[in-house]
Amino acid sequence: MKSELTRLLDIEIPILSAPMGGAAGPDLVAAVSNAGGFGVIPLWGKPVDQVRQGIAEVRALTDRNFAVNLNLSFPYEEQLKACIDAQVFAVSLFWGMEPSAIEIAKAAGLIVMVSVGSAAEAKLAADAGADIIIAQGWEAGGHVWGQVATMALVPAVVDAVNVPVVAAGGIADGRGLAAALMLGASGVWIGTRFLASTEATIHETYQQTVLGASENQTEWYRDLYDVAWPDAPHRALSNATSRKWHMAGTPAPGNRPGEEEVIGQSPNGKAVVRYQSYTPLPGTTGDVEAMSLWAGQGVSLVRDILPAAEIVRAIYQDAKTAMQSGQAKLPDSDSRSSSSENN
Ligand SMILES: Cc1cc2nc3c(=O)[nH]c(=O)nc-3n(C[C@H](O)[C@H](O)[C@H](O)COP(=O)(O)O)c2cc1C
């Protein structure tokens, strides 16, 4: 049975891998699409030739559909044009609302996904022609656009629009997929779980820290890390850097302890300084634990590193089992009177 979402994307499994700048490269995106889900590759903030190259790299690994993720806080017009010229199947737009970008992509025949943090934004995007809405809850890892938790956001967005809604934030296993569907979503958009995939392009220490973290070890920060665009709150794992900052009374940028301190080097030999927005890649040296380790609250559900295709299959299968087994049961509403009758 196909849903409107799986029909639109021509996929079998309603699991989308979230674009994760620095962590989700062509291998991860293609693996998810090849497994019957849908991969999304972040190519924002890059020169046009690198956008073309990123698209070509995914295409070399899969003939299935995928989307290119663009950040509306950066110049995106030429990058969008490159996506159109390359006839990518879909674009995913985040961090802002640009009806004109939606219209341009739609007019060129692309499927358009828009990430939102409220029902009002979802309506604006759908009215401008968006095909799919990504409702990103506050639990999410990485850059967090809204303030509303997934549990409350998803049904509010579902009620506001007539297009498929995909739930994001805190979803990392089959129970999360089943719950999102019960809230009215048509699928899920998963980031943190895929950090612990064999295809994620992140440093081993980052991956191991994710595996060991509990649900209360991430924090939402307005401006702890120096994100490359203004006003960009984020969620990351608490670490030596955040503890240092808390101990100093959470001062604003400019007054944080240890600013400009070099804490490591990227694989190309560039210094990584404390508070830098830097996703540690394999080959990074230095104090990796103290770098910006983006992760969502669902991190406590991530306990093993698996190939992305296995993650997709396990989440789908576990959701199916949970839904078919009827393991969630409501007590009979008349149980009170019947139990008193028994007394
Ligand atoms: C390491 C990391 C990097 C991210 N980078 C991006 C990005 O480049 N573009 C984007 O739209 N969202 C980005 N996000 C947010 C995800 O798209 C998604 O909303 C989030 O991961 C969902 O919540 P979850 O992490 O609990 O699964 C990032 C998330 C993480 C964890």
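All of these numbers come straight from a predicted model, not from anything done at the bench. (Residues numbered from 1 in each chain as written. Predicted model: local features only at pLDDT ≥ 70, side-chain atom pairs only at ≥ 80, totals over all residues. Heavy atoms only, no water.)

**Q** Residues and numbers for the overall build of the protein, please.
**A** Within the protein one finds 13 helices and 14 strands. In terms of C-alpha radius of gyration, the protein reaches 21 Å, essentially the compact-globule figure of 20 Å for 343 residues. Structurally, the protein occupies a C-alpha span of about 75 × 55 × 35 Å along its principal axes. Taking all 343 residues of the protein together, the buried fraction comes to 51%. Contacts in the protein between residues far apart in sequence, at least 24 positions, make up 59% of those at least 6 positions apart. When the accessible surface of the protein is totalled, it reaches about 15,000 Å², and 52% of it is carbon and sulfur. Seen as two clouds, the 23 positive and the 36 negative side-chain charges of the protein have centres 2 Å apart. (Helix = DSSP H or I, 4+ residues; strand = E, 2+ residues; numbered from the N terminus. Rg over C-alpha atoms; globule rule 2.2 N^0.38 Å. Buried < 20%, exposed > 50% of the residue type's maximum accessible area, 1.4 Å probe, protein only. Contact = heavy atoms within 4.5 Å. Areas by Shrake-Rupley, 256 points an atom, 1.4 Å probe, with all protein chains shown as cover. Lys, Arg positive; Asp, Glu negative; His and termini not counted. Charge placed at Lys NZ, Arg CZ, Asp CG, Glu CD.)

**Q** Tell me about the pattern of salt bridges, and please be specific about residues and values.
**A** Applying the stated rule across the entire model yields 11 salt bridges. In this structure, the salt-bridge partner of Asp85 is Lys81, at a minimum N-O distance of 3.0 Å. Taken as a pair, Asp85 and Lys81 lie in helix H4 (residues 77-85) at a separation of four residues, close to a single helical turn. The network of salt bridges with shared partners includes Asp226, Arg256 and Glu259. (Salt bridge = Lys/Arg side-chain N within 4 Å of Asp/Glu carboxyl O.)

**Q** Can you tell me about the domain arrangement of the protein, naming the residues and giving the values?
**A** By the assigned domains, the protein splits into domain 1 (4-199 + 307-325) and domain 2 (204-298). Look at where the C-alpha atoms of domain 1 and domain 2 centre, and you get two points 25 Å apart. Taken together, the contact pairs 23 residues of domain 1 with 22 residues of domain 2. Of all residues in domain 1, Trp138, His143 and Leu195 bury the most surface against domain 2, accounting for 29% of the area lost on that side. Viewed at the interface, domain 2 and domain 1 are joined by zero salt bridges. Where domain 1 meets domain 2, there are nine residue pairs in polar contact (both at pLDDT 80 or more). For the side of domain 1 that touches domain 2, the elements supplying multiple residues, two or more each, are strand S7 (142-143) and helix H9 (192-195). (Domains from an automatic or database assignment. Buried area = accessible area lost by both parts, 1.4 Å probe. Polar contact = N/O pair within 3.5 Å; in protein donor to acceptor, adjacent residues only side chain to side chain.)

**Q** Which residues make up helix H12 (residues 308-325), and what are the values?
**A** The end-to-end C-alpha distance of H12, which contains 18 residues, comes to 26 Å, matching closely the 26 Å that a straight helix rising 1.5 Å per residue would cover. Every buried residue belonging to H12 is among Ala308, Ala309, Ile311, Val312, Ile315, Ala319 and Ala322, and all of these are buried. Looking at the buried positions of H12, the neighbouring elements they touch are strand S1 (15-17), helix H2 (26-34), helix H8 (174-182), strand S9 (187-190) and H9. Directly beyond the C-terminal end of H12, a positive phi value near 65° is found at Gly326. (Expected span 1.5 Å × (residues − 1).)

**Q** Before we move on, could you go through the site of the ligand and cite the residues and values that matter?
**A** Taken together, 20 residues are adjacent to the ligand, and Trp44, Asn69, Gly170, Gly191 and Thr192 come closest. A distance of 3.1 Å separates a nitrogen atom of the ligand from a polar atom in the backbone of Gly21. Thr192 is positioned with one of its side-chain polar atoms (N or O) 2.6 Å from an oxygen atom of the ligand. Isolated, the ligand exposes 600 Å² of accessible area, and the fraction of that covered by the protein chains is 98%. Its residues placed into classes, the shell around the ligand shows 11 nonpolar, nine polar and no charged. (Near = heavy atom within 4 Å. Nonpolar A, V, L, I, M, F, W, Y, C, P; charged D, E, K, R; others polar.)

**Q** Before we move on, could you go through the environment of Val302 and cite the residues and values that matter?
**A** Here Val302 lies in the loop between strand S14 (285-286) and H12. Along the primary structure Val302 and Phe194 are separated by 108 residues, whereas in three dimensions their C-alpha atoms are 8.9 Å apart.

**Q** Please set out the sheet that holds strand S5 (residues 111-116) residue by residue, giving values where relevant.
**A** One closed barrel holds the eight strands; their spatial order is S1-S2-S3-S4-S5-S6-S8-S9, and the pairing between them is parallel. Across the sheet, the axes of successive neighbouring strands diverge by a mean angle of 25°, strand direction being ignored. (Pairing = 2+ DSSP bridges. Axes fitted to C-alpha atoms, helices over the stretch in contact; angles between N-to-C directions.)

**Q** So what's going on with the side chain of Thr6? Which residues, and what values?
**A** Among the structural elements, Thr6 can be located in helix H1 (residues 4-9). Owing to a relative accessible area of 5%, Thr6 belongs among the buried residues under this scheme. Engagement of the side chain of Thr6 in a polar contact is seen with the backbone nitrogen of Ser3, the distance being 2.8 Å.

**Q** Tell me what's going on with the packing of aromatic side chains, and back it up with residues and numbers.
**A** All chains considered together, the criterion is met by 13 aromatic pairs. Ring centres 5.5 Å apart and planes at 75° place the aromatic pair Trp95 and Trp229 in the edge-to-face group. Note that Trp95 is positioned in the loop between strand S4 (90-94) and helix H5 (99-107) and Trp229 in the loop between strand S10 (218-221) and strand S11 (234-237), a separation of 134 residues in sequence. Both residues of the pair, Trp95 and Trp229, count as buried. Residues Tyr221 and Tyr225 carry aromatic rings whose centres are separated by 6.2 Å and whose planes lie at 90° to one another, so their mutual orientation is edge-to-face. (Phe/Tyr/Trp six-rings, centres within 6.5 Å; stacked < 30°, edge-to-face > 60°.)

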